[in-house]
Amino acid sequence: MDDVLKQSLLYDFYGELLTEHQRAVYGAVVNDDLSYSETAEEFGVSRQGVHDLVKRCNKTLAAYEEKLHLVEKFLRIRGSVQEIQRLSSQYETLEKEVLAKQVLDISGMILEEL
């Protein structure tokens, strides 16, 4: 997974745990795709300050993920649902019993995740 997607997912899941100022600055850099210089100008801080805050936020958000694994769980469940969709799209070509068993197995794994 590329860094931007990873940062965005971590922010989506754990961003509310950051301070309001951290959310605003981090969101400007990650979600709004502003440069450190543009963000610094917008918030009236130094470019280095923005860089340091983003770096700290990345560490904080990664620490939350290490403990809670919500993003990891989300990605696994999303992959399972995509597999069910793939199997369902082959409904006409697969044996119905095999398809049903595979869908039941995958849905059982999803329920265990939840």
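All residue numbers here refer to positions counted from 1 along the written sequence of the relevant chain. It should be noted that, the model being predicted, local features are given only for residues of pLDDT at least 70 and side-chain atom pairs only at 80 or more, the latter also being counted only at that level, while totals for whole chains, interfaces and linings use all residues. Working from all heavy atoms in the structure, the side-chain values ignore hydrogens and water.

## Brief notes about the packing of aromatic side chains
Point 1. What counts as a ring pair is set by centres within 6.5 Å for rings of Phe, Tyr and Trp (its six-membered ring), and what kind of pair is set by the plane angle: stacked under 30 degrees, edge-to-face over 60, tilted for all other angles. In total, this model carries four aromatic pairs according to the counting rule given.
Point 2. Between Phe 13 and Tyr 14, the ring centres sit 6.4 Å apart and the planes meet at 50 degrees, which makes this aromatic pair tilted.
Point 3. Throughout this description, buried means an accessible area under 20% of the type-specific maximum (1.4 Å probe, protein chains only), exposed means over 50%, and partly exposed covers the range between. We classify Phe 13 as partly exposed; its relative accessible area is 32%.
Point 4. What makes Tyr 14 buried here is its relative accessible area of 1%.

## Looking at a nonpolar patch on the surface
Point 1. Residues Phe 13, Leu 68, Leu 70 and Phe 74 make up a contiguous nonpolar surface patch of about 320 Å² in total accessible area.
Point 2. Runs of E in the DSSP output that reach at least two residues are strands. Runs of H or I that reach at least four are helices, and both are numbered from the N terminus. Residue placement: Leu 68 occurs in helix α4 (residues 47-68).
Point 3. Here Leu 68 falls in the partly exposed class, since its relative accessible area comes to 47%. Only residues above 30% relative accessible area that lack a salt bridge enter a patch, with like-charged residues linked at up to 9 Å and the nonpolar side chains Val, Leu, Ile, Met, Phe, Trp and Tyr linked at up to 5 Å. Where accessible areas are quoted, they stem from the Shrake-Rupley method and a 1.4 Å probe; at the residue level, only the protein chains shown are allowed to cover. A side-chain nitrogen of Lys or Arg and a carboxyl oxygen of Asp or Glu constitute a salt bridge if their distance falls within 4 Å.

## Quick notes on the environment of Phe 13
Point 1. Inspection of the secondary structure puts Phe 13 in helix α1 (residues 3-14).
Point 2. The sequence separation of Phe 13 and Glu 65 amounts to 52 residues, and the corresponding C-alpha distance is 8.8 Å.
Point 3. Those residues in contact with Phe 13 that sit more than four places away from it in its chain are Leu 70, Val 71 and Phe 74. Contacts were defined at the residue level, with two residues in contact if any of their heavy atoms lie within 4.5 Å.

## Considerations on unusual backbone geometry
Point 1. Phi is positive for Asp 33, close to 60 degrees, though the residue is something other than glycine.
Point 2. One can find Asp 33 in the loop between α2 (20-30) and α3 (36-43).
Point 3. Despite not being glycine, His 69 shows a phi value in the positive range, around 60 degrees.
Point 4. With respect to the helices and strands, the residue His 69 is situated in the loop between α4 and α5 (70-89).
Point 5. You can call His 69 partly exposed: its relative accessible area is 37%.

By themselves these figures say nothing about function.
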